[in-house]
Amino acid sequence: MSLENMTATLGGADHPGADAPAEAPGRVRLRAFADNRLAVAGLAVVIALTLFAFIGPLLYHTDQIHTRLAAETLRPGPGHPLGTDNVGYDQLGRLMVGGQTTLEVAFGAAAVAILLGVVWGATAGYLGGFADGLMMRVVDALLAIPALFLLIFLATVFKPSVLMLIIVVGVTAWLVPARLVRGEALSLRNREYVQAARTMGVRPPTIIFRHIVTNSIGTILVNATFQVADAILLVAALSFLGLGISPPATNWGAMLSDGLNYTYSGYWWLTYPPGIAIVLTVVAFNLIGDGLRDAFGLDTRRG
Amino acid sequence: MTAAGPAAGASGPVLRVDGLDVDIALRRSVVHAVRGVSLEVAAGETVGVVGESGCGKSTLGLALAGLLPSSAVTRGSIRVGDREVTGVGERELRAIRGAEVGIVFQDPMTSLNPTQRIGTQVGEALRLHRGASREAARAAAADMLDLVGLPRPREQLDRFPHELSGGMRQRVVIAAALICEPKVLIADEPTTALDVTTQAQILELFDQLQQDLGMATLLITHDMGVVAGRASRVFVMYAGREAETGPTAEVFGSAEHRYTAALLDSILRMETPRHAALYTIPGRPPDLTADLAGCPFAPRCPAASAVCGTTYPPAAGAPGAAGGHRWHCHHPVSEPRPAPHATEPSR
Amino acid sequence: MIRFLARRCSQALVVLLLVSVIIFILLHLLPGGPARAILGTHATPTNVAAFNKENGLDGPLPAQYWHWLTGVLSGNLGFSYVLNQPVSSVLAQRLPKTAFLAGISVVLAVLIAVPVGLYQAVRRARIDDYVVTTVTFVLYSTPAFWVALLLIDVLAVRLHLFPAEAPQGAFSTLFGDPSALVLPVATITLVTIAAYSRYVRSSVLDELAQDYVRMARSKGAGLRVVLLRHVLRNALSPVVTLLGVSLPFILSGTLITEQVFNYPGVGLLIFNAAEQQDYPVMLGVVLVVGAATVVGSLLADIVYAILDPRVRASVNGEAGR
């Protein structure tokens, strides 16, 4: 789990906004985001890479199942724009397929993390008192164990598949959104409209979702983008440690770490394409997250 | 409760502003925060600057203290004593701030560094400008805290801001601003963050300090009551411009500008009948990024006519005189209102 | 402050307890039950029964937990049949090395990140800020193992400046060849700096926007005075809390680094244990590391309480944690 994620809970989630804008808040935020060139660039990169990974194979057919040892580690050239890897798979095609898995796991894990975290945090914040204290201590306890250590253990017990990876990564990642949403819930539960809903007899789950969660949507969205970025790095680390998914499936992290075995042979096309893909995607998501943060006015930090 | 008047034998105004324009650059537009403001304050005199939020009075205060952001462009002149403050480099500005011009901000809670002791913060300006040693600054700070009415000043020196009440903190802020005995004191909403009783005490303090130290004071506020008893002259601002100015009693007693009149009307008085509707000025202040022709108050003015929308009203009343009563209105209160749909300019 | 500390300590205690519960749950997630998982697939039912009896695994769950917990507190973290040693002695060898590696890296990271973050904040939105921000951004987004391997490739292999492997053996041998520590420390430090300087930059920018800075400027203070006498102290307190919160993150990075450089710490230990399915060691590491971060975080909060006069005096010093 990244530092960004952890420090998200430190700085203080919400600052009193500027004077109420004349436009609908959604519009204002959209425009603020659109004004942020870096954030828009990030979004463009993410969209481009997603299309590359999912639509690419429809246009550029390669065989990613059967190995062709005769064609192993060929340099980039005609027929193989990015060369081939150590078992003869076309590298460009592999990059696309690997991208699919990377993005699937990242989005999936982020979704799991957000879902779990929001429900847990909103409930804890809304309930307050002892229940809140206990729920948050559980979060603290899980946070105390470094993600990679926990994941190594879980990966030995549960055989990794894409679904398993999503669940396992998501399960370590839900803690920060829980903390964040709990913070929001704590401040929101004293707002008049929440108290009004309570006195009207609205049932707690409805209050939690209709009022608290919807008003924390900014914090949640921002954290969701950072979750995706983190998940990509986490899966890459797991693949490097040999705990990822087995071939012929692959992801960028696995491609990078496999390729690194050949650094001394100078096969740059085995490392730089997946490596740069990872860095680009993580940077892009971080930029989007920052842009969203600015647009929602959640932090006085960024310039 | 005598309003402070100009000191006898003063050799001209200590603070003199001439045709000040302040533009602040935003991402996509420019805010004309202050337009063509001219005023003077003599030693020992208090001038009140009144207006609603967003009228530019705080920007004026910041401009006078040389604290405008780098995105601000100033034109015109600001003179403190003999020195010209506009267009001057950062180093000179630093020499002026704290030594020649002291400024007290609105919120005493946030104006003080929470992790620094009171004594250090009060004495800071003395160490910066007069090169005082730590002990000398401490002694001076204790004296200053005594002057502003803090009980047991020597004990307060080592305390932290959160240990004091709001009123005490504001006294500390005032002490810090005045420790170098500056010629000019700018007080930007000094009592707004305080409760009513404390407000009165702080205002009394200002009076007393002015008698003791004789600085020229600019009291910036949206509360006309604060100005009424304290300032010898008042300057009413609207949309960054001067609406009306003059001796307080005259301006409040016989206001000429329609805005001033409206402000005075909206003050709740004892005589107001119990179920009468409260008068509020309709509409909202104008957008300062637009280049307005004509009088900025026209859209909300009950006496506006066609000319108000096209031409900015020239100064009327006692022309040019620093102490005289002056206003910018095509249809001042003393003249009859034009007919509602009059299309020709009135007299 | 006493009240604040008492509250934080009791919270930490509860968290530690919960960490132990989590480990206990993990123990029972093991395939085939703890006994079979630890003893191996060739274990006979007699072995399993004996093991269960010995380790108190034959009663109701709460009793099991109690038995296990008291064992842990008295130093019994289990026995590794793979390494043929008690888990506690393996940990005792490895833990100091990881602490050393992580400790040095964090200290270095802070010493570098604070000035860098300060610099970024002061030069905000100018070209140097953009350059430094871009570099830290990219560094932050690069998988740690790639950073490590790139460092090895350039500095060890091509330039022969530092060895590519860390010193093995006892703790004392670590100091025998300091140059072998350079690359591992550099890896963790680089990745941590990238994250920390961003945080310092935000923190400083936050402080610079505060009213007391405006007040100080209005007294005639210049940038240097403002930064050094006012901002730094206030901007650094959150950094102390950051240190406490980021311990798990740093330890994850340390794990990868240990694997790459073959550094004999607990990260490499758990990795090897995973390959050999040495569950007692894995659980022992997770428990100890989890407990360490709780304690570390508590220490950071204590230091923060000492530094911030508001907390020192006040009753309710919690800042939204």
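Position labels on residues start from 1 in each chain and follow its written sequence. Each chain gets a letter, beginning with A, and each ligand a number, beginning with 1, in the order they are written. Local features in this predicted model are restricted to residues of pLDDT 70 or higher, and side-chain atom pairs are both shown and tallied only at a pLDDT of 80 or more, whereas totals for entire chains, interfaces and linings draw on every residue.

Caption draft 1: Representation of helix 8 (residues 196–213) of chain B in the model. All names here are of chain B. Numbering goes from the N terminus for both helices and strands, where a helix is a DSSP run of H or I of at least four residues and a strand is a run of E of at least two. Residue count minus one, scaled by 1.5 Å, sets the expected span of a helix. Between the first and last C-alpha of helix 8 there are 26 Å, a value that for 18 residues agrees with the 26 Å anticipated at 1.5 Å per step. By definition, residues are in contact whenever their C-beta atoms, placed on the basis of the backbone, come within 7 Å of each other. Residues of helix 8 that are buried in the fold lie against strand 3 (46–50), helix 7 (166–178), strand 7 (184–188), strand 8 (216–221) and helix 9 (224–230). Among the residues trailing helix 8, glycine 214 stands out with phi positive, at a value near 65°.

Caption draft 2: Structural view of helix 10 (residues 223–261) of chain C. A rise of 1.5 Å per residue sets the reference length of helix 10 of chain C, with its 39 residues, at 57 Å; its end C-alpha atoms lie only 44 Å apart and thus fall more than 12% short of the reference. Where helix 10 of chain C bends most, the angle comes to about 50°, and this point is Ser246(C), followed within four residues by the proline Pro248(C). At any given residue, the bend is defined as the angle formed between two axes, one fitted to the seven residues that end at that position and one fitted to the seven that begin there.

Caption draft 3: How the structure looks around the interface of chain C and chain B. The interface of chain C with chain B comprises 18 residues on the first partner and 24 residues on the second. For the side of chain C that touches chain B, the leading source of residues is helix 9 (residues 211–218) of chain C, giving 6 residues. Class assignment for the residues of the side of chain C that touches chain B results in 5 nonpolar, 6 polar and 7 charged. Residues were grouped as follows: Ala, Val, Leu, Ile, Met, Phe, Trp, Tyr, Cys and Pro as nonpolar; Asp, Glu, Lys and Arg as charged; and all remaining residues, including Gly, as polar.

Caption draft 4: Here's a closer look at the arrangement of the chains. When the 2 pairs of chains in contact are ranked by number of contacts, first place goes to chains A and C. In this structure chain A stays clear of chain B, and the shortest span between their C-alpha atoms is 10 Å.

Caption draft 5: Geometry of the interface of chain A and chain C. Contacts between chain A and chain C engage 46 residues on the former and 52 residues on the latter. If you tally residues by element for the side of chain A that touches chain C, the top one is helix 7 (residues 147–157) of chain A, at 8 residues.

Caption draft 6: Focus on the packing of helix 4 (residues 118–130) of chain B against helix 7 of chain B. Residue and element names in this part refer to chain B. Note on geometry: axes are lines fitted to C-alpha atoms, helical ones only across the stretch in contact, with angles between N-to-C directions running from 0 to 180 degrees. Taken N-terminus to C-terminus, the directions of helix 4 and helix 7 make an angle of 30°; their axes are 6 Å apart at the nearest point. As summarised for this structure, helix 4 and helix 7 are arranged roughly parallel, according to the angle between their axes. Facing Ile118, Gln121, Val122, Glu124 and Ala125 of helix 4, the residues of helix 7 in contact are Val172, Ala175 and Ala176. Looking at the contact of helix 4 with helix 7 residue by residue, the classes come out as 6 nonpolar, 1 polar and 1 charged. Any angle from 65 to 115 degrees is called roughly perpendicular, while one under 35 is roughly parallel, one over 145 is roughly antiparallel, and all others are oblique.

No statement about biological role is implied by the geometric values presented.
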